[in-house]
Amino acid sequence: MAVERFLQPRASSWMANDGSNVDIAMSTRIRLARNLNDFKFPYAFTEDEALKVDKEISSVLLDKGSELDYTFSHINIDELAQLQKEVLVEKHLISPYLMNSYHPGSVLLSENEELSIMVNEEDHLRIQSLQSGFQLQKAYQIASELDTLLEKNLSYAFHEKYGYLTSCPTNVGTGMRASVMLHLPALTMSHQIQRIIPAISRLGMVVRGIYGEGSEALGNVYQISNQLTLGKSEYEILQDLENMTEQIIQQERKAREAILLNSPLMLEDRVYRSLGVLTHSRLLTTEEAATCLSDVRLGIDLKMIQNMNMSILNELMIFMQPAFLQQYADKPLQPKERDFARAKLFRERLNKIDMNSEGEDLA
Amino acid sequence: MICTQCGERSASVIVKKQQLGQVMELQLCHICAAENHSINIAFEQDPLAIHQLLSNWFPNSQATISRPKKEVAICPSCGFTFSHFLKLGKFGCASCYDTFSSQLNEIFKRFHNGNTEHTGKIPASYGSTLKIKKEIEKLRKQMQVSIQEEEFEEAARLRDEVKRLNVTLEGGSPDGS
């Protein structure tokens, strides 16, 4: 089955650790929402129409994807087991909304997992382009090229005044949501993030913790994205987001320097304790793993920890999630069993590497 | 209701936690809730659903809109009414945008910092006609200025240009689109 290759605990290209400012900006995502003109939108269409939409869109991508050097796999959501759907959600290749959708939908995935096109999510089409690091322009260019190819072969719902027509009034216009995932441990530790978040939202952008709402994002990972889709061109939206992200990155760097200057020993202690937890625990909750991952990541950025591969940490962030662990173990796991499996996964992945002279090899 | 964690402040948030297969419900105040890092990995999560925001913003709009017209706008293509759109927070099809256009500026302004018009990418298939329409609009404005300034020769030139573009628009497009 086509889906198998995407369920493996194998890194997608956007989890690689390259691109600019990758120590702080972990990944970049562009999403374009589009609809076909001749069909009702997903909130109003019939099952029959949903199937026709899926057929129209997927046949274009399967036939013409090669024009852009992509080979797509077409996966029907209905045909997947619940756990398989959850793995795709954890890998950010489909949304929870598509996973729980009650009408026929599908996803088309490029081999390197940089492009994921959801069919019959909230809109007929959700083109998603993922890149490692801080690469808004590149991610947009890839999404836009695919969009142009689709538009040549399909009739889009487009309005002279309102632009691309979408199900939700918050997406109309460009249909574009651009976001950058940022690791901001120092701004969080120094509580500056609480002042930054409301300031940014006044400028038509939004910051949220990727692990849900809360004053402090778990694992210190935040997502910053544009809120407006009307009245600004894609170029302007990307420029604004890029400027804002650059400013936050600078602030994070300053905060890191300040902490390193004021309490180097406390910071070093924290980093190494977390490294100890990740490499030696027998039970590890998602919460603890996320917190320790953040500390170890910071330790690598500040050159406290040498010889540790950052991209492994990126992968572990994804693979430590519940569905992945169960897929990997090939059986359902109770929460305590998952904590055990998670700890085992971390020990196996991290102890393989010669971390430092005192690093103990458990294998 | 008092916060179950601090026992001091009044509870304003209900937090559901799944632990060892059992669902626990905590009633927390906003401070304890903020400290409560119950993990919830979701890629794109709306903190507040759009339809809730919409119906709070436009609680009585259905009544005020339908009174003078004596009829409720129904989208001919998907059958959505404006109140159904408000309730759901979503459009049913492309035609909804024209059917409800008189109310949309107000809504879009609130969601998009006062903006109501798209200025971004245009699909190529719409591009050529839309470009001509925008050009005609621009020329007409220039023509008005020329008339006011009594530059009639320039106005006549602009009028001819508009005529030529209108012909192109009606089917004589040079690139056939």
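Placed above this text is the structure.
Attention here is on the structure that accompanies the text. It should be emphasised that the depicted structure is a prediction, and the values quoted were computed from it without experimental measurement. (Residues numbered from 1 in each chain as written. Chains lettered and ligands numbered in written order. Predicted model: local features only at pLDDT ≥ 70, side-chain atom pairs only at ≥ 80, totals over all residues. Heavy atoms only, no water.)

### Examining helix 9 (residues 264-280) of chain A
Residue and element names in this part refer to chain A. End to end, helix 9 covers 24 Å across 17 residues, agreeing with the expected 24 Å (1.5 Å per residue, within 8%). Considered for burial, the residues of helix 9 that qualify are Leu267, Val271, Ser274, Leu275, Leu278 and Thr279. For helix 9, the angular spread of the buried residues around the axis is 125°, confining them to a single face. Exposed side chains of helix 9 directed beyond 90 degrees from the buried face belong to Leu265, Met266 and Arg273. If you follow the buried residues of helix 9, they end up packed against helix 6 (185-189), helix 8 (234-262), helix 10 (286-301) and helix 13 (335-351). (Helix = DSSP H or I, 4+ residues; strand = E, 2+ residues; numbered from the N terminus. Expected span 1.5 Å × (residues − 1). Buried < 20%, exposed > 50% of the residue type's maximum accessible area, 1.4 Å probe, protein only. Arc of directions from axis to C-beta. Contact = heavy atoms within 4.5 Å.)

### A short note on the interface of chain A and chain B
Each partner contributes residues to the interface: chain A has 59 residues there, and chain B has 49 residues. The contact between chain A and chain B buries some 4800 Å² in all, and 59% of this surface belongs to carbon and sulfur atoms. Across the chain A-chain B interface, the total number found is two salt bridges. Among the ionic pairs, Lys121 of chain B bridges to Asp147 of chain A, the shortest N-O distance being 2.8 Å. Summed over the shared surface of chain A and chain B, the number is 19 residue pairs in polar contact (both at pLDDT 80 or more). For the side of chain A that touches chain B, the secondary-structure elements that each account for two or more residues are strand 1 (25-34), strand 5 (125-132), helix 5 (136-153), strand 6 (158-159), strand 7 (163-164), helix 8, helix 10 and helix 13 of chain A. Take the side of chain A that touches chain B: its biggest share by element is five residues, from helix 5 of chain A. Per-class residue counts for the side of chain A that touches chain B are 20 nonpolar, 22 polar and 17 charged. (Buried area = accessible area lost by both parts, 1.4 Å probe. Salt bridge = Lys/Arg side-chain N within 4 Å of Asp/Glu carboxyl O. Polar contact = N/O pair within 3.5 Å; in protein donor to acceptor, adjacent residues only side chain to side chain. Nonpolar A, V, L, I, M, F, W, Y, C, P; charged D, E, K, R; others polar.)

### Structural notes on the sheet that holds strand 3 (residues 106-110) of chain A
Strands belonging to one sheet form pairs held by backbone hydrogen bonds; the direction of such a pair is parallel or antiparallel. Residues and elements named next belong to chain A. Here we have eight strands laid out as an open sheet, ordered 2-3-4-5-1-8-10-9, and antiparallel in their pairing. Each end of this open sheet is capped by a strand with a single partner; those strands are strand 2 (72-76) and strand 9 (205-209). Ignoring which end each strand starts from, the neighbouring axes of this sheet average 20° apart. With eight bridges joining them, strand 1 and strand 5 adopt antiparallel strand pairing. What sits directly across from Ser27, in strand 5, is Ser132. (Pairing = 2+ DSSP bridges. Axes fitted to C-alpha atoms, helices over the stretch in contact; angles between N-to-C directions.)

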